[in-house]
Amino acid sequence: MAQATQPQPMPAPASGSEKTQEQSPHSRRKHNRTRPYRTYGRRYSLRAILFRYTMAPALILSLLLALLFTLQQMHDRRDLLLSHGRASAEQLVELIHLSEGHSFEERIHWLDKSLMALMLERDMIRSVQLYRADRNEAGEEEFKLISSVGPRPRTTFSAEDLRGKPAHVYEDLDSLQVLHPLIGGGTNCWLTIELHRPYFLVGTYQVALVGLIGLIVCTLIALVWAVVLSERAARSLERIKEALRAVGQGKFAARAVSSRNLELAQLAEEINLMAGNLAEYQRDYQEGLHQSMEDLRQSLDAMEEQNIELELARKKAVENSRGKSNFLANTSHEIRTPLNGIIGFTNLLLKTEVDQLQQDYLQTILRSSESLLTTINDILDFSRIESGNLVLDHSPMNLGQVLEETLQILAPYGYEHNLELVPFVDPQLPPSQIGDPLRIKQILTNLVSTAIRCSENGSIPVRIAVQSGKESELMVHISIVDNGARCDEQGRRELRQLLNRSPQQQQSNSNGMGLSIARSLVQSMGGELGMESNEQGGSSYWIQLPLTIDRNRTAITREQFPGCRVLLVDPNPMTRQQIFQQLSHWQVEALEHCDSKNLVPAIEQMWRHDAMPDALIIDTAIADGNFDTFVATVQQLVDTYQCRVVVQGSPVDLRRCYDALRTRVLAFLGKPVSREGLLRALKRVVPQQAQSRPQTGTFPVLPWPAKPRVLVVDDHEANRLLMNELLRAQNIEAVVAASGAEALDLWRDQYFDMIFMDIQMPDMDGIATTRKIREEESGRRTPVIALTAHVGTEEKSRLLSAGLDDYLSKPVSEIQLTHTVKRWMNVNGTEEETTLSAVVAPRLVDISESLNLANQDAGLARDLLRMLLKGLHEDEQVLARLFADKDHKGLFERVHRLHGGCCYCGVLRLRSATGQLQELLRPLQDQAQVDPGKYAEAYEQVRKEIRTLWDWSVEQDLDALFGLEQIGKVGASGIDISEEEGSH
């Protein structure tokens, strides 16, 4: 019998002490670690295997012998039965043949007596019959029973079946008969003897019974022998298993008992040898462990001493780092405070009436101050990047203006190497974005400075291109190209390595630090920075920078000069391309001329044919160092041909010819040429042709129904005066205080809508003053905005946790101040906003804004507006159903979709209504039960604007409104809403 075992072996019985030891978790874990189990499917014990291999041959052999004996006996008894039947038949037939001399009746009578004698042997013969074939009345031959002894046979035969056949044996399932014909000529007589089958079957059963008994006896003998062998093997293996278990539990003194079996005895010897080796290894391990513990104790003592020294060094390093941070913060504050006054008052002075040269001087002062500010930011950002505390600013900016200001600062450095910095700004760039302008200026400064160091005698184009954008997201590509005149392949390889290094690896190299800071800043903004070689043998630096479009800024006035013709006289094709692109954007027909020798004849030819341009832009580069001839040429063009001239060039060249030409030239344009300066010069030379497109905003900046009162606290007089002027320009009444104590007294006696608080002041600083205000105020909370030069992460967290609401980093720009005032006045001025919105209502449809949004493609603007109007009826029905079902999520999604469609058309009132309803529904999407009164008024306003816009569209001809009736199909002119006069 085969016995299957479980995958895990059964534990062997153990003594009392072994059981106690096995109960400990440590010994169990150790036991499990030393005996990992693996599963190999169904496994059998050795006892089962012995059973199989011992009993199986005996059973098979006994079964074969019994079967063979039974078959042999069955065959012999059948042959005996048939022989007896044949012999009896032959004897009877012979007797009948010998009695032929007697009559047939006598022979039959004698036959009956013979058959009766034959039937005495009842154990073998069942019946005897004698048949004769006679013809019946019909003449057919049929068998007739002449004589019979015993029962009728189970199978009968016809005369035709036996005619002509010899003696034979017939056997089927029913009977066994011996058939023998009678001897005689011409007679068809047959003698049939049916043998007794039970005689044969009983003998067969007896033989089978004897074979079965023999089989059982053999099986029992084999079973006993298999049990004896398996028990003997199991006992031997159990002893070996117990010895192995003891060794596995760490009892290396245990030994396996030898066996009389050769293989088991060898296995026991190997186990005993293994146990001896393990015992020796354990002794060596214990000795080594004790030695290691001693060494470890000594090492721990030494490490404890080193940790104490390291802790002291860490505290010293932290103190030094804190001192460095305080030094950087104090240095930043001390430098930013005067810079705040320099930059602020320079901006204010630029808004006054100054001549062209004075304006250039002021611009130089402003750019130099901002360059110093950028250098300070580089130092601070290096420290923040090193410590991982860099925080980016998110404020409104004009990327094109940031680029132009950066190039104007770096232009003198480029002129030292006969280089011109040329900015190219994509007209599709929106006028205002959200970003960190100071750090973007740092990035541009570092990359352009590197390009200048690698170039000489030529131009460095810096291009801004809009790659992609959706909704409020924008991807900007900035490229800077140098000519590589002062940089070989080894230098370019070093530049690539500098771009890939970390700031910590480049502390001794200012150029490397700048490039690494630029790369870190770009990565912090979510962009990419790279460098590749160009076909001119130089390098191209590129930046992929994601920005957010500022849609809250007031729209910019769009300037156009239709029909104006301007002649560009400049030998540099790069600067000609820049100015030509910008003039074309303003719908100015620009003509180009690069040969200074043929300038006067060309102008004379135009004058003769009455084809004079409206203005001339002449670059000082045509003088080629001979400014006397250049001045004479310009004077001749103005005096003889009444040309309206704009002179452009570097500040140095403009100063050389300023005194001689200031009475004849209408404008001087410094290089790099900015769009603001070019527009200002163009307005001076052709003021009658300037056409300002109407503004599409709702109202000018910061219109107050009642003038707000703001308290400005600063210990620096220049900063107080600057803040006073900036706030006064925004129609805000400013009250100044020179200390925290004075500010507290003013706050207690007067009412203020907002407080601008300087942080670093003697006696009572800004944080202490703010805390005192928070302790004493009751009811309305006055917004307190910090004015600080410390812009680190820790400083911002400290200011906000101290009770201040926001902060402005010095130097304070007018854009940042306006943005902050608008945000915090909106929080506390709901009634004023409602009054303003009632006073100034936007137009229902602004065609000019539609054209701006469609990039001046009248056909596209018409199609966008037509698609919006076409779906208004369906939108109204869907909104009504969702509002009735109180499906806030579906209502929000439909309003959001409608608002998105309004953003591409000049439907100002519907856009405002859907935007207000969208913001009210945004927090209600996941709420099942909401009072509809919270947004019912806004919903009704949207329905009202939809119906008003629908009624307006019924009476309008969109082709006529967009000017497509006369000119047919209008293509895109390349002019986009992204007008870059962001400084106006």
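No experiment lies behind these values; they were computed from the predicted model shown.

A. Quick look at the overall build of the protein chain. Broken down by element type, the protein chain carries 31 helices and 24 strands. Looking at the 984 residues of the protein chain, the share that counts as buried comes to 44%. In the protein chain, once contacts between residues fewer than 6 apart in sequence are set aside, the share between residues at least 24 apart is 71%. As displayed, the protein chain offers around 51800 Å² of accessible surface, 54% of which is attributable to carbon and sulfur atoms.

B. Structural view of the confidence of the model for the protein chain. This prediction gives the protein chain a mean pLDDT of 76; 77% of its residues lie at or above 70. The model gives residues 503–510 a pLDDT under 50, and that stretch makes 14 contacts with residues more than four places away or in other chains.

C. Expanded view of the sheet that holds strand E22 (residues 754–758). Spatially, five strands are ordered E21-E20-E22-E23-E24 in an open sheet, and the strand pairing comes out parallel. The sheet is open, and its two edges are formed by strand E21 (733–737) and strand E24 (806–809), each paired on a single side. Averaged over all pairs of adjacent strands, the angle between their axes in this sheet comes to 20°, without regard to strand direction. As paired strands, E22 and strand E23 (residues 784–788) are joined by four bridges and run parallel to one another. Directly across from Phe-756, in E23, lies its bridge partner Ile-785. Relative to E21, helix H18 (residues 717–729) is tilted by about 170°, and along the sheet it contacts strand E20 (709–713), E21, E22 and E23. Contacting E22 and E23, helix H20 (residues 766–776) runs over the sheet at an angle of about 150° to E22.

D. Focus on the packing of aromatic side chains. Summed over all chains, the structure comprises five aromatic pairs. Aromatic side chains Phe-627 and Phe-630 sit 6.3 Å apart centroid to centroid with 80° between the ring planes, which places their arrangement in the edge-to-face category. Pair noted here: Phe-627 and Phe-630 are both in helix H15 (residues 627–641), with a separation of three residues, about one helical turn. Directly above the ring of Phe-424 sits Arg-463, whose terminal nitrogen or CZ lies 4.6 Å from the centroid.

E. View of the pairing of strand E11 (residues 528–533). With six bridges joining them, E11 and strand E12 (residues 539–549) adopt antiparallel strand pairing. Across the sheet, Leu-529 pairs through a bridge with Ile-543, a residue of E12. In this antiparallel pair of consecutive strands, E11 and E12, the connection spans five residues, and Gly-537 shows a positive phi of 90°.

F. Representation of the packing of helix H27 (residues 888–902) against helix H28 (residues 908–921) within the structure. Contact geometry for H27 and H28: axes closest at 9 Å, N-to-C directions at 150°. Between H27 and H28, the crossing angle belongs to the class labelled roughly antiparallel. Relative to H28, H27 is oriented so that their crossing is left-handed. Contacts between H27 and H28 involve Leu-891, Phe-892, Val-895, His-896, Leu-898, His-899 and Cys-902 on the former and, on the latter, Leu-910, Arg-911, Thr-914, Gly-915, Leu-917, Gln-918 and Leu-921. In terms of residue class, the contact of H27 with H28 is built from eight nonpolar, five polar and one charged.

G. Structural view of the sheet that holds strand E14 (residues 565–569). The strand order across the open sheet built from five strands is E15-E14-E16-E17-E18, with neighbouring strands paired in parallel fashion. The two strands at the open ends of the sheet, each matched to only one other strand, are strand E15 (589–593) and strand E18 (667–670). On average, adjacent strands in this sheet sit at an angle of 20° to one another, irrespective of strand direction. Note: E14 against E15, five bridges, orientation parallel. Counted as the bridge partner of Arg-565 is Glu-589 from E15. Packing against the sheet, H15 makes contact with strand E16 (615–619) and strand E17 (645–649), and its axis sits at approximately 180° to E16.

Reading the values: the criteria
- Residues numbered from 1 in each chain as written.
- Predicted model: local features only at pLDDT ≥ 70, side-chain atom pairs only at ≥ 80, totals over all residues.
- Heavy atoms only, no water.
- Helix = DSSP H or I, 4+ residues; strand = E, 2+ residues; numbered from the N terminus.
- Buried < 20%, exposed > 50% of the residue type's maximum accessible area, 1.4 Å probe, protein only.
- Contact = heavy atoms within 4.5 Å.
- Areas by Shrake-Rupley, 256 points an atom, 1.4 Å probe, with all protein chains shown as cover.
- pLDDT = per-residue confidence, 0-100.
- Pairing = 2+ DSSP bridges.
- Axes fitted to C-alpha atoms, helices over the stretch in contact; angles between N-to-C directions.
- Phe/Tyr/Trp six-rings, centres within 6.5 Å; stacked < 30°, edge-to-face > 60°.
- Lys NZ or Arg CZ within 6 Å of the ring centre and 35° of its normal.
- Parallel < 35°, antiparallel > 145°, perpendicular 65-115°, else oblique.
- Left-handed = near helix turned anticlockwise from the far one by under 90°.
- Nonpolar A, V, L, I, M, F, W, Y, C, P; charged D, E, K, R; others polar.

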